[in-house]
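One-letter residues, chain by chain:
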Amino acid sequence: MERSSRFARFGARAAALLEEWQQQTHRQLTSVTWLDTGGSGALLASVFVRDSDPKNTKRRMIIKLCSPDGDSSMEPGRLVSARRSTPEGDVTFPREHLVEQLYDPMPVDGSWLMFQGFAGNDETMVTLSTTLRQRRLPQVAGEIARSLLAGWNPDEHTEGEMTAAEFVAEVLDRRLEPGGPLPVWVRDTLGLGLDTPWLALGRPGSAPLPNPVHLAASCALAGGVVSYPVRGRAHGDLHPGNIMVPKEPGADTRRYVLIDLSRFDKGALLARDPVHLLLCLVADFLPHLSQDARAELLGLLVGRDTPGLLIPQGLQWTVDQMRNAPEDWLSARTISGEWQAQWLLSMQACALMFTARARYGEQDRWWFFRLAAEAAGAYLRSVDAYEPGEAVFVPGPRTAEPQVVHAVVVTPKVPAQMAPPERPEAEPEVEPAPGSVRVPDPTPVRESPAVSPEAADGSHPDPETAAETPPDTLPALLIGLRYTFGHRLEALREQEAGSVGAESLGSLREQADEVRTYVSMLLGAAGDAVGEEDRSRVHEVRRHLARVARAANDPGFSPEKPFYQRDLAHRALVAALDTLLGSAREAALGLPAGQATDPIRPEGARAPSG
């Protein structure tokens, strides 16, 4: 086997360049291990390099193919700048915590291949993304937040006062430009403009909050003054995929290395990095939290007194460790009050960054938007400037669906007595998308295998062998989603990105479309027995089923696509399924008890088992 084939994940061009590089420099690369990057666009491989230089015969090295975005072209130079920028001439932090450039980078298709190493050359170093379920996470995260300030920035500075709105806008950078993902999502999904000043989120009559994307001169935050914006050296894109830590759970928590310095800035606002890392860790927990736990988490993050009984202990400890990390650094300064305000403003800006990221589900993006608004409100209260005006009620993501891609739709068989109801909303036209994932002629799909209720003995039928007759009540249908789509979600979580076959994706797509149609029919048959609020929840399930179908048809799954695109498509599908299951559970719990015990069903249809 040719050596270049081991680097095929980088792409043919990069793999060929690495083969040529080995031949021309008389270096040999062995023991290739691919590293988790936490969803960033970069690709990382850990290798041993045997060098012809007798001073450096063999060592562990990271080969990085930079993400093909606007910052990748700057990474080699910024890495050099980061290592040369030493706090008060002390090289300890750069030597211990920053990756170094071992060999000159190589350009490849508008990006860079970089050869990086770090102190110790420990072959067991992995990204923090792979250790998110370990008990040491809170301590590691707290130590990183502490040393970013105390170790890397003992010589912090400022460039003069600024308004709170200017602070948030600087952290967001270009993300509020018209046509960007954040303004488009706020406009199309929430039905808001950037100039709406006050919002009531989630429920009518809730406390007004400032619109977190309204940062114009007339906004509430424009009146707040940040007297000492703390600036210094910052990574600029700190997330678990950009932090290397020892693999062993019992390793020293002070050992870590920052990689990907493409956004390094020696004059950045210092509150951004720790807050962004904290929200990355929160995002990993979020899909597993109930709505009540999410509400408690909002309060915890913005400093409200909250019971916290529903928040996982590890997550609460992580939040506390990171929030308290700067205490020693702040004790030698007189900016503690200023720092707390800047922490909240950074929370607002960083939460909006997550709102703009399509790889998260709609409900998670909505939660981050609410967090941004809560942080803005908490800041205003902290400076006695909370003076709300008339608020616009925003219940959550709107029913409008983004443009869909080609999907194979299989019309389900339904009881003959049940006529299809009128659609409650206009459905978007289905047009093929360029490069969409296509499957061979689909195998016939059984009658609604996705939704089988509990058996009389309380057991749960296997979705692959379930009876062909579909449930004839909404509660049974919604509960059944948990078993069929739940097993698909678990299977996807165990699979490596890029390994999901086209046939499996096509089957999932058909299943989601089939169940979506059947939900509409059962909802129409239920008539007035389902109230408006419950009906809205069921429509939400239909929208998430459509989203699953689109996610399963993402062109990024194509084997011809780079690995990072397949990884992002994989993550988006997992998020879509996870959100669907949560939405189905909420809808099922909200339906009237009569729907579960004495359902409305067509004449002659069987009663549900169980």
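A quick note: this is a predicted structure, and the numbers were derived from the prediction, not measured.

(A) View of the overall build of the protein. A count of helical and extended segments in the protein gives 17 helices and 15 strands. Taking all 610 residues of the protein together, 53% fall into the buried category. By sequence separation, contacts in the protein at least 24 residues apart represent 74% of the contacts at least 6 residues apart. Only carbon and sulfur atoms are counted for the fraction: they give 49% of the accessible area of the protein, which is about 26,700 Å².

(B) Broad picture of the environment of Gln116. Along the polypeptide, Gln116 turns up in strand β5 (residues 111-117). Given the relative accessible area of 1%, Gln116 is considered buried. Each residue touching Gln116, except ones within four places of it in the same chain, is listed here: Met61, Ile62, Lys64, Glu75, Leu79, Val99, Glu100, Leu102 and Ile259.

(C) Structural context of the side chain of Ser46. Position of Ser46 relative to the elements: it lies in strand β2 (residues 43-50). Excluding anything up to four places from it in sequence, Ser46 contacts Ser31, Val32, Thr33, Leu35, Arg60 and Met61.

(D) Highlighting the packing of helix α4 (residues 137-150) against helix α9 (residues 313-324). At a minimum axis separation of 8 Å, α4 and α9 run at an interaxial angle of 15 degrees. What the angle tells us is that α4 and α9 run roughly parallel. α9 is crossed by α4, and the crossing has right-handed handedness. Residues Leu137, Pro138, Gln139, Ala141, Gly142 and Ala145 of α4 form the contact with α9, whose own contacting residues are Gly314, Trp317, Thr318, Gln321 and Met322. For the contact of α4 with α9, a count of residues per class yields six nonpolar, five polar and no charged.

(E) Quick peek at the nonpolar core. By size, the foremost hydrophobic cluster in this structure holds 110 residues, and its most contacted members are Leu221, Leu279, Leu297, Leu301, Phe369 and Leu371. The contacts of Leu371, once residues within four sequence positions are left out, are Leu279, Leu298, Leu301, Val302, Met347 and Ala351. Leu474, Ala551, Phe557 and Leu577 belong to the second largest nonpolar core, which has 37 residues in total.

(F) Molecular detail of the sheet that holds strand β6 (residues 125-127). The strand order across the open sheet built from three strands is β6-β12-β13, with neighbouring strands paired in antiparallel fashion. Sheet topology places β6 and β13 (257-258) at the edges, where each strand pairs with a single neighbour. Bridging between β6 and strand β12 (residues 243-246) involves three bridges; their strand directions are antiparallel. From the neighbouring strand, Val126 faces β12, where its bridge partner is Val245.

(G) Local environment of helix α12 (residues 362-382). With 21 residues, α12 should reach 30 Å at 1.5 Å per residue; the first-to-last C-alpha distance of 30 Å fits that figure. A large share of α12 lies buried, amounting to 17 of its 21 residues.

(H) Quick peek at the confidence of the model for the protein. Summary statistics for the protein give a mean pLDDT of 80 and a share of 80% for residues scoring 70 or more. Looking across the protein, the model is least confident in helix α17 (residues 593-597), with a mean pLDDT of 38, and most confident in helix α5 (residues 164-172), with 97. Confidence drops under a pLDDT of 50 for residues 593-610, and excluding neighbours within four residues, the segment shows 35 contacts in the predicted structure.

(I) Structural view of the sheet that holds strand β4 (residues 100-108). If you trace the five strands from one edge of the open sheet to the other, you get β1-β2-β3-β5-β4, paired in antiparallel fashion. Only two strands of the sheet have a single partner each, and these edge strands are β1 (28-35) and β4. Taken over all neighbouring pairs, the strand axes of this sheet differ in orientation by 25 degrees on average, direction set aside.

(J) Region of interest: the packing of helix α14 (residues 502-526) against helix α15 (residues 532-552). It is the contact of α14 with α15, at a shortest axis distance of 8 Å, that shows an interaxial angle of 160 degrees. Here α15 runs roughly antiparallel to α14, going by the angle between their axes. The way α14 lies across α15 gives a crossing that is left-handed. Residues Leu505, Leu508, Arg509, Ala512, Asp513, Val515, Arg516, Val519, Ser520 and Leu523 of α14 form the contact with α15, whose own contacting residues are Arg535, Val538, His539, Arg542, Leu545, Ala546, Val548, Ala549 and Ala552. A per-class count over the contact of α14 with α15 returns twelve nonpolar, two polar and five charged.

Rules of the game
- Residues numbered from 1 in each chain as written.
- Predicted model: local features only at pLDDT ≥ 70, side-chain atom pairs only at ≥ 80, totals over all residues.
- Heavy atoms only, no water.
- Helix = DSSP H or I, 4+ residues; strand = E, 2+ residues; numbered from the N terminus.
- Buried < 20%, exposed > 50% of the residue type's maximum accessible area, 1.4 Å probe, protein only.
- Contact = heavy atoms within 4.5 Å.
- Areas by Shrake-Rupley, 256 points an atom, 1.4 Å probe, with all protein chains shown as cover.
- Axes fitted to C-alpha atoms, helices over the stretch in contact; angles between N-to-C directions.
- Parallel < 35°, antiparallel > 145°, perpendicular 65-115°, else oblique.
- Left-handed = near helix turned anticlockwise from the far one by under 90°.
- Nonpolar A, V, L, I, M, F, W, Y, C, P; charged D, E, K, R; others polar.
- Core = buried A, V, L, I, M, F, W, Y, C linked by side-chain atoms within 4.5 Å.
- Pairing = 2+ DSSP bridges.
- Expected span 1.5 Å × (residues − 1).
- pLDDT = per-residue confidence, 0-100.

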